[in-house]
Amino acid sequence: MDSTDDGELDAFWTDAKIRAGLNPASAYGGPIVDDTLPPPAWSFGADPAQADRLLELVLEGTKTATSSALWDYEAADDPLPEPGDLSIVLDSGGHPRALLRTTRVRVVPFDEVDADHARAEGEGDRSLDSWRAAHRVFFAENAAHDRGFAPDMPVVLESFEVLVPEHLRPTRPRMFGR
């Protein structure tokens with residue numbers, strides 16, 4: 001995948017944080033640190049075609065969750081996502097396309113992933129059997145660690161909401177106004 005142009009990423013972030021209403025008090029108190037630095041930007045999947053296919057599922061509103069091997073986080077010494085984390089999802093060309101907010105994170109053994117999570121990932125026929133078959137192959141072929149695949153390997157299950165594009169943002173009651 002192409003590298004993201006910093007100017008394009010900054011422009012997306014500037015627009016997205018306004019559209020998502022992330023700091024409505026900025027007019028009163030000015031920007032906060034979270035306003036100035038864009039969140040991490042990344043693509044789904046392991047190759048350009050997969051990145052675009054999974055992004056399309058997000059943009060359709062079908063994909064509201066993802067999963068990763070905990071061992072990959074450990075091998076890269078990366079922190080786990082946490083509820084409230086923001087991220088910018090890129091297409092295969094490195095262009096920012098969506099702003100996500102993590103809503104839930106849990107770590108479970110691969111063989112204990114439930115049907116609700118499999119359905120939320122939005123892939124294949126959305127069944128647990130389909131999820132297990134596809135992810136068994138994915139985790140074995142794309143590991144960033146040397147442990148291989150194991151049925152009891154820990155898997156990070158992340159649920160998210162789309163904040164931008166706006167038409168996919170969850171409706172929330174307004175605190176003020178009508």
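Structural data are supplied above this passage.
Residues numbered from 1 in each chain as written. Predicted model: local features only at pLDDT ≥ 70, side-chain atom pairs only at ≥ 80, totals over all residues. Heavy atoms only, no water.

Caption draft 1: Quick look at the overall build of the protein. Across its full length, the protein holds 7 helices and 5 strands. Mapped in sequence order, the helices and strands of the protein form the string α-α-α-β-α-β-α-β-β-α-α-β. Looking at the 178 residues of the protein, the share that counts as buried comes to 39%. Contacts spanning at least 24 positions in sequence make up 70% of the contacts within the protein whose residues lie at least 6 apart. Surface exposure of the protein reaches about 10,100 Å², of which carbon and sulfur atoms provide 50%. (Helix = DSSP H or I, 4+ residues; strand = E, 2+ residues; numbered from the N terminus. Buried < 20%, exposed > 50% of the residue type's maximum accessible area, 1.4 Å probe, protein only. Contact = heavy atoms within 4.5 Å. Areas by Shrake-Rupley, 256 points an atom, 1.4 Å probe, with all protein chains shown as cover.)

Caption draft 2: Representation of the layout of surface pockets within the structure. Estimates place the volume of the largest pocket at around 1,000 Å³. W42, S43, S67, S68 and Y73 are, among the 39 residues lining the largest pocket, the residues nearest its centre. Of all the elements in the fold, those that place two or more residues in the lining of the largest pocket are β1 (41-42), α4 (48-60), β2 (65-69), α5 (70-76), β3 (86-90) and α7 (128-141). Looking at the lining of the largest pocket element by element, the count peaks at 6 residues for α7. In terms of residue class, the lining of the largest pocket is built from 18 nonpolar, 10 polar and 11 charged. (1 Å grid on protein atoms, 1.4 Å probe; cavity = no way out; pocket = protein on both sides within 12 Å on 5 of 7 lines; lining within 4 Å. Points joined across faces, edges and corners; volume = space filled by probe spheres on them. Nonpolar A, V, L, I, M, F, W, Y, C, P; charged D, E, K, R; others polar.)

Caption draft 3: Layout of the pattern of salt bridges. Using the criterion set out here, one finds 7 salt bridges in the structure. Across the salt bridge formed by E74 and R147, the nearest N and O atoms sit 3.7 Å from each other. Of the two residues, E74 is situated in helix α5 and R147 in the loop between α7 and β5 (154-164); the sequence distance between them amounts to 73 residues. You can call R147 partly exposed: its relative accessible area is 49%. What emerges from the salt-bridge pattern is a single network uniting K63, E121 and E123. (Salt bridge = Lys/Arg side-chain N within 4 Å of Asp/Glu carboxyl O.)

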